[in-house]
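What follows is the residue order along each chain.
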Amino acid sequence: MGRRRTIDRDKVLDAAEAVVSAVGAAGLTIDAVAKAAGITKGGVQYCFGNKDGLIDAMMERWFNHFDNAVAAKVGDTSDAATAMRAHAEVTEHLNTAENARTSGMMAALLQREEHMEKNRIWYRGRLDSLDLSTEEGRRARIAFLATEGAFLLRSFGFVDMDDTEWRDIFSDIVALVPDAS
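Given the structure is predicted, the values throughout are model-derived calculations rather than measurements. (Residues numbered from 1 in each chain as written. Predicted model: local features only at pLDDT ≥ 70, side-chain atom pairs only at ≥ 80, totals over all residues. Heavy atoms only, no water.)

Considerations on the overall build of the protein chain
Counting secondary structure elements, the protein chain contains nine helices and zero strands. Classification of the 181 residues of the protein chain by burial places 41% in the buried group. Within the protein chain, contacts between residues separated by at least 24 positions form 64% of all contacts whose residues are at least 6 apart in sequence. For the protein chain, the accessible surface area stands at approximately 10,100 Å², while carbon and sulfur atoms represent 53% of it. (Helix = DSSP H or I, 4+ residues; strand = E, 2+ residues; numbered from the N terminus. Buried < 20%, exposed > 50% of the residue type's maximum accessible area, 1.4 Å probe, protein only. Contact = heavy atoms within 4.5 Å. Areas by Shrake-Rupley, 256 points an atom, 1.4 Å probe, with all protein chains shown as cover.)

Laid out in structure tokens, this is it:
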């Protein structure tokens with residue numbers, strides 16, 4: 001009786017992200033991911049079911065990674081404006097590879113309504129957490145929208161920004177939300 005082979009889901013997700021980074025969202029196929037991960041197509045399907053399941057897992061991992069980084073910066077405070085400041089600070093420190101990975105994921109998201117809906121829920125949750133009856137809440141909203149705008153403009157290559165300009169922009173964004181500590 002043979003031993004059941006286990007597949008490392010994270011390694012398969014790493015392979016999927018590498019495929020998106022190398023050939024774009026259109027090249028994300030079960031076959032391409034299987035080849036990149038060194039497993040069979042059936043192995044990928046066993047882990048994720050189908051391409052939509054794979055994309056869902058990629059999105060969930062990215063959202064969790066990002067949210068955990070924000071939570072680590074926020075610490076014990078539950079203030080939504082502080083969370084928006086942390087959101088901007090985490091985004092500022094994303095490296096070029098993370099930007100490319102995320103923009104590839106965004107391109108994949110745009111292909112299916114179900115994936116767009118998950119993205120909408122994630123964004124709406126951030127915006128709905130703010131108390132817009134306060135100046136701090138309104139400034140935090142502007143900082144959040146500016147953060148996401150700068151991120152998308154740079155990630156999709158709509159605006160070329162070197163690292164100095166990127167840091168300068170985020171210095172201005174973070175200054176919109178006073179540090180609560």
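Still more to cover.
Some thoughts on the environment of Leu110
With respect to the element layout, Leu110 can be found in the loop between helix H6 (96-109) and helix H7 (113-128). In this structure, the C-alpha to C-alpha distance between Leu110 and Ala25, residues 85 residues apart in sequence, is 9.8 Å.

Describing the packing of helix H1 (residues 9-23) against helix H3 (residues 41-48)
Axes are the key here: two packed helices are described by the angle between their axes and the distance separating the axes. Running from amino to carboxyl end, H1 crosses H3 at an angle of 110°, the nearest separation of the two axes being 11 Å. What the angle tells us is that H1 and H3 run roughly perpendicular. Handedness of the H1/H3 crossing: left-handed. When H1 is examined against H3, the residues Arg9, Val12 and Leu13 are found in contact with a partner set consisting of Val44, Cys47 and Phe48. Partitioned by chemical class, the residues of the contact of H1 with H3 number five nonpolar, no polar and one charged. (Axes fitted to C-alpha atoms, helices over the stretch in contact; angles between N-to-C directions. Parallel < 35°, antiparallel > 145°, perpendicular 65-115°, else oblique. Left-handed = near helix turned anticlockwise from the far one by under 90°. Nonpolar A, V, L, I, M, F, W, Y, C, P; charged D, E, K, R; others polar.)

Looking at the pattern of salt bridges
Any two side chains of opposite charge can pair, given that their charged atoms come close. A full pass over the atoms with the stated rule returns 13 salt bridges. The shortest N-O distance in the salt bridge between Arg138 and Glu135 comes to 3.0 Å. One end of the pair is Arg138 and the other is Glu135, both in helix H8 (residues 135-155) and three residues apart, which spans about a single turn. Take Glu135: its relative accessible area is 46%, and that puts it in the partly exposed class. (Salt bridge = Lys/Arg side-chain N within 4 Å of Asp/Glu carboxyl O.)

Digging into the side chain of Glu92
Position of Glu92 relative to the elements: it lies in helix H5 (residues 80-92). Despite its burial, Glu92 pairs with no opposite charge, the nearest such side chain being Arg167 at 5.8 Å. (Lys, Arg positive; Asp, Glu negative; His and termini not counted.)

A short note on the packing of aromatic side chains
As enumerated under the stated definition, the model contains nine aromatic pairs in all. With 4.6 Å between their ring centres and 50° between their planes, Trp166 and Phe170 make a pair best called tilted. One end of the pair, Trp166, and the other, Phe170, are both in helix H9 (residues 163-175), four residues apart, so they sit about a helical turn from each other. Phe170 carries the same exposure label as Trp166, and that label is buried. A cation over an aromatic ring shows up here: Arg154 above the ring of Trp166, its NZ or CZ 4.4 Å from the ring centre. (Phe/Tyr/Trp six-rings, centres within 6.5 Å; stacked < 30°, edge-to-face > 60°. Lys NZ or Arg CZ within 6 Å of the ring centre and 35° of its normal.)

A short note on H8
Over its 21 residues, H8 extends 30 Å from the first C-alpha to the last, a length consistent with the 30 Å expected when each residue adds 1.5 Å. Burial in H8 covers these residues: Gly137, Ala140, Ala143, Phe144, Thr147, Glu148, Ala150, Phe151, Arg154 and Ser155. For H8, the buried positions fall inside an angular range of 160° around the axis, keeping them on one side. The positive-phi residue at the C-terminal boundary of H8 is Gly157, with phi of around 75°. (Expected span 1.5 Å × (residues − 1). Arc of directions from axis to C-beta.)

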